[in-house]
Amino acid sequence: MRFVIQRVTQSSVSVDGTVIGKIGKGLLVLIGVAEEDTEETADKLVRKLTGLRVFEDENGKTNLSLADVKGELLLISQFTLYANCKKGNRPSFTEAGSPQKANALYEYIIAKCRENVPSVETGSFGAEMKVSLVNDGPFTVLLDSEKI
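The residue numbers shown here count from 1 along each chain, following its written sequence. Residues qualify for local features only when their pLDDT is at least 70, as the model is predicted, and side-chain atom pairs are given and counted only at 80 or more; totals for whole chains, interfaces and linings, by contrast, use all residues. The basis for the side-chain values is all heavy atoms of the structure; hydrogens and waters are excluded.

Below, the discussion takes up the pairing of strand β1 (residues 2-15). Burial analysis of β1 places twelve of its 14 residues in the buried class, the great majority of the element. Paired strands, in this sense, are two strands between which DSSP finds at least two bridges. Strands are runs of DSSP state E lasting at least 2 residues, helices are runs of H or I lasting at least 4, and numbering of each runs from the N terminus. Alignment of β1 against strand β8 (residues 129-144), held across twelve bridges, turns out to be antiparallel. Counterpart to Ser-11 in the pairing with β8 is Leu-133. Pairing between β1 and strand β2 (residues 18-23): five bridges, direction antiparallel. Note on β2: the bridge partner recorded for Ser-11 is Ile-23. With antiparallel pairing between neighbouring strands as the criterion, β1 and β2 make up a hairpin whose turn holds two residues, including Asp-16 at a positive phi of roughly 50°. Burial classes follow relative accessibility: with a 1.4 Å probe on protein chains only, a residue under 20% of its type's maximum area counts as buried, one over 50% as exposed, and anything between as partly exposed.

By convention, a stacked pair of Phe, Tyr or Trp rings (six-membered ring in the case of Trp) has centres within 6.5 Å and planes under 30 degrees apart, an edge-to-face pair has planes over 60 apart, and any other such pair is tilted. Here the structure, examined in full by the defined rule, presents two aromatic pairs. Centroid distance Phe-79 to Phe-93: 5.0 Å. Interplanar angle 70°. Geometry classified as edge-to-face. Taken together, the residues Phe-79 in the loop between β6 (72-77) and α2 (99-116) and Phe-93 in the loop between β6 and α2 connect sequence positions 14 residues apart. For Phe-93, a relative accessible area of 32% corresponds to the partly exposed category. Pairing Tyr-106 with Phe-125 gives two aromatic rings, centres 6.2 Å apart and planes at 35°, and the pair type is tilted.

We define a nonpolar core as any set of buried Ala, Val, Leu, Ile, Met, Phe, Trp, Tyr and Cys residues linked to one another through side-chain atoms lying within 4.5 Å. Phe-3, Leu-27, Val-29, Leu-73, Leu-75 and Ile-109 are the most contacted members of the largest nonpolar core, which has 28 residues in total. At the level of elements, β1, β3 (26-32), α1 (39-51), β6 and α2 are the ones that each hand at least two residues to this core. Take this core: its biggest share by element is seven residues, from α2. Grouped together as the second largest cluster of nonpolar side chains are eleven residues, Val-15, Ile-23, Leu-28 and Leu-74 included.

Quick look at α2 now. Given a helix with a known number of residues, its expected span is that number minus one, times 1.5 Å. Between the first and last C-alpha of α2 there are 26 Å, a value that for 18 residues agrees with the 26 Å anticipated at 1.5 Å per step. Buried within α2 we find Ala-102, Leu-105, Tyr-106, Tyr-108, Ile-109, Ile-110 and Cys-113. In what follows, a contact means two residues having at least one pair of non-hydrogen atoms within 4.5 Å. Tucked into the core, α2 has its buried residues touching β1, β3, α1, β6 and β7 (120-122).

Here, a salt bridge means any Lys or Arg side-chain nitrogen found within 4 Å of an Asp or Glu carboxyl oxygen. Throughout the structure, instances matching the rule amount to four salt bridges. Ionic pairing is found between Arg-2 and Asp-144, a salt bridge with its closest N-O pair at 3.2 Å. With Arg-2 in strand β1 and Asp-144 in strand β8, this pair connects stretches of sequence that are 142 residues apart. By relative accessible area, which is 7% here, Asp-144 ends up buried. Residue Arg-7 is joined to Asp-136 by a salt bridge in which the shortest nitrogen-to-oxygen separation is 3.4 Å. One end of the pair, Arg-7, is in strand β1; the other, Asp-136, is in strand β8, with 129 residues separating them in the sequence. Among the residues examined, Arg-7 registers a relative accessible area of 5% and is labelled buried.

Next up on the list: α1. If you check α1, its first and last C-alpha atoms are 18 Å apart, about what 13 residues at 1.5 Å a residue would give, namely 18 Å. Those residues of α1 lying buried are Thr-41, Ala-42, Leu-45, Val-46, Leu-49 and Thr-50. Buried residues in α1, looked at end-on, bunch into an arc of 145°, giving them a common side. In α1, the exposed residues that point more than 90 degrees away from the buried face are Glu-40 and Arg-47. The inward-facing, buried residues of α1 abut β1, β3, β6, α2 and β8. Each C-beta atom gives one direction from the helix axis, and the arc is the one those directions make.

What follows is the structure in structure tokens.
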């Protein structure tokens, strides 16, 4: 499982020209699921995500978590995080989880995040989405379940 986490001052996601999710200060998270991922994998990454201290304190140090700054989450499913570009110039996505597995874990992640974060917005699984953001920093972190 992979999370690309971007600290934002604002972010939104649209489908067919209609905004379906919008946040202010917080984290935009792109979520990639592999076939071998489980709810236990998701739990580990959600704990890390919600506890990350990536917001600046009064001294400019990244010491504050999402809860400390009353930040919001925007969660977007993105199978392309498992693109394999080793062979040729056309990415292969065979390492990504099946749509059924990925959607089930995406919904699980949303529910788990909502247990700890008051404001959680989402994209639409499988839809053609337009994601907009103002990256704060810029500050981007990759969480890979194989590396934490």
